[in-house]
Amino acid sequence: FSGTVGENIRYGLPTATDDDIRQAAMQLSEGEWLEALSNGLNTDVGERGASLSMGQRQLVALARVVLKDRSIFILDEATASVDPFTEMQIQEGLDAIMSERTAIVIAHRLSTIRNADRIIVMDHGRILEEGTHDTLLASSGHYADLYNTYFRHQSLEAIESPKWLEDADTVVSTAD
């Protein structure tokens with residue numbers, strides 16, 4: 001809604017102080033996302049958040065979750081429609097807020113659920129598999145297929161792997 005980023009975060013807990021709002025915002029990517037805003041928490045969001053990117057709107061919503069400090073929450077596609085950098089910021093925020101809470105996370109992006117204690121893989125309402133990221137990868141089922149098809153090549157391990165370098169047709173190197 002119209003107003004500042006801080007006012008939009010306060011929507012999660014109307015009695016919150018400015019310090020409470022700042023602390024909630026700082027828990028997401030150590031507040032780094034606020035640096036991209038022209039006036040930090042005092043940035044005007046415009047009508048319907050028009051002056052914020054989709055990712056910044058997601059971060060404001062997550063800051064509300066942090067501020068509200070509930071023990072259980074539900075996220076539906078928390079990293080949908082955001083660029084990879086903002087996804088990383090959101091993921092860092094999610095990791096921070098989910099460590100002390102119960103979260104039900106609905107996601108297609110595997111990076112969003114990778115660190116979950118329990119992952120349930122569904123297809124058309126039917127449970128196909130369940131387990132942790134590691135156990136699901138080891139089972140070589142549907143989750144492993146999805147991971148290997150869409151995510152493994154993006155992981156830090158894959159990028160730094162000598163096997164990746166061997167498979168590359170061309171390696172470009174730059175010097176500072």
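Our structure's up above, just so we're on the same page.
Because the structure is a prediction, the values reported are computed rather than measured.

How do you make sense of the nonpolar core when you look at a structure like this?
One recurring pattern in soluble globular proteins is that nonpolar side chains are buried together. One finds Val5, Ile9 and Trp33 to be the most contacted residues of the largest nonpolar core, which totals 25 residues. Listed by contribution, the elements that provide at least two residues to this core are helix H1 (5–10), helix H2 (18–26), helix H3 (32–35), helix H4 (54–68), strand E1 (72–76) and helix H5 (84–98). Per-element accounting of this core gives the leading share, 6 residues, to H4. Sequence-distant contacts of Ile9, that is, excluding residues within four places in its chain, are made with Ile21, Ala25, Trp33, Leu41, Val60, Ala63, Arg64 and Leu67. In terms of nonpolar packing, the next biggest core, distinct from the first, is built from 10 residues, Leu110, Leu137, Tyr143 and Ala144 among them.

Just checking my understanding: could you explain unusual backbone geometry for this structure?
One can expect most non-glycine residues to show negative phi and most peptide bonds to be in trans. The backbone phi angle of Asp69 is positive, close to 55°, even though this residue is not glycine. Locating Asp69 in the fold gives a position in the loop between H4 and E1. With a relative accessible area of 51%, Asp69 lands in the exposed category. The backbone of Ser140 sits at a positive phi, close to 55°, despite the residue not being glycine. Secondary-structure assignment places Ser140 in the loop between helix H7 (133–138) and helix H8 (142–150). The class of Ser140 is exposed, set by a relative accessible area of 55%.

What exactly am I supposed to notice about a nonpolar patch on the surface here?
A cluster of nonpolar residues, Ile74, Ile104 and Ile106, forms a patch on the protein surface that exposes about 290 Å² of accessible area. Among the secondary structure elements, Ile74 is positioned in strand E1. Assessed through its relative accessible area of 58%, Ile74 is described here as exposed.

Help me understand the environment of Ala144 in this model?
Assignment of secondary structure puts Ala144 in helix H8. Once the C-alpha coordinates of Ala144 and His133 are considered, the two residues, 11 residues apart in sequence, prove to be 8.8 Å apart. With near-sequence residues (within four places) excluded, Ala144 lies in contact with Leu136 and Leu137.

Can you walk me through the side chain of Thr4 in this structure?
When you line up the elements, Thr4 lands in the segment before H1. Setting aside chain neighbours within four positions, we find Thr4 in contact with Leu41, Asn42, Thr43, Asp44 and Val45.

Whenever I open this one, the packing of H4 against H5 confuses me. Can you help?
When two helices pack together, their arrangement is given by the angle between the helix axes and the distance between those axes. Relative orientation of the contacting elements H4 and H5 amounts to 10°, with a least axis distance of 10 Å. When the axis of H4 is compared with that of H5, the two are roughly parallel. Counted together, Gly55, Gln56, Gln58, Leu59, Leu62, Val65 and Val66 of H4 and Thr86, Gln89, Ile90, Leu94 and Ile97 of H5 form the full contact between these two elements.

Could you clarify how one ought to interpret the pattern of salt bridges in this entry?
Side chains that carry opposite charge are capable of pairing whenever their charged atoms lie near each other. The full count for this structure, using the stated rule, is 2 salt bridges. Asp18 serves as the salt-bridge partner of Arg10, at 2.6 Å between the closest nitrogen and oxygen. On the basis of relative accessible area, Arg10 is assigned to the partly exposed category, the value being 22%. Its salt-bridge partner being Arg118, residue Glu130 comes within 2.8 Å of it at the nearest N-O pair. Of this pair, Glu130 sits in strand E4 (residues 126–131) while Arg118 sits in the loop between helix H6 (110–113) and strand E3 (119–123), and the two are 12 residues apart along the sequence. For Arg118, a relative accessible area of 54% puts it in the exposed group.

Looking at this structure, I do not really get the packing of H2 against H4. What am I missing?
Two numbers describe how H2 lies on H4: the axes approach to 8 Å, and their chain directions differ by 120°. When the axes of H2 and H4 are compared, the pair comes out oblique. In this structure, H2 crosses over H4, and the sense of that crossing is right-handed. The residues of H4 that touch H2, namely those facing Asp20, Ile21, Ala24 and Ala25, are Ala63, Val66 and Leu67. Grouping the amino acids of the contact of H2 with H4 by side-chain chemistry returns 6 nonpolar, no polar and 1 charged.

Here is what the cut-offs are and how they apply
Residues numbered from 1 in each chain as written. Predicted model: local features only at pLDDT ≥ 70, side-chain atom pairs only at ≥ 80, totals over all residues. Heavy atoms only, no water. Core = buried A, V, L, I, M, F, W, Y, C linked by side-chain atoms within 4.5 Å. Buried < 20%, exposed > 50% of the residue type's maximum accessible area, 1.4 Å probe, protein only. Helix = DSSP H or I, 4+ residues; strand = E, 2+ residues; numbered from the N terminus. Contact = heavy atoms within 4.5 Å. Patch = residues over 30% accessible without salt bridge, like charges linked within 9 Å, V, L, I, M, F, W, Y side chains within 5 Å. Areas by Shrake-Rupley, 256 points an atom, 1.4 Å probe, with all protein chains shown as cover. Salt bridge = Lys/Arg side-chain N within 4 Å of Asp/Glu carboxyl O. Axes fitted to C-alpha atoms, helices over the stretch in contact; angles between N-to-C directions. Parallel < 35°, antiparallel > 145°, perpendicular 65-115°, else oblique. Left-handed = near helix turned anticlockwise from the far one by under 90°. Nonpolar A, V, L, I, M, F, W, Y, C, P; charged D, E, K, R; others polar.

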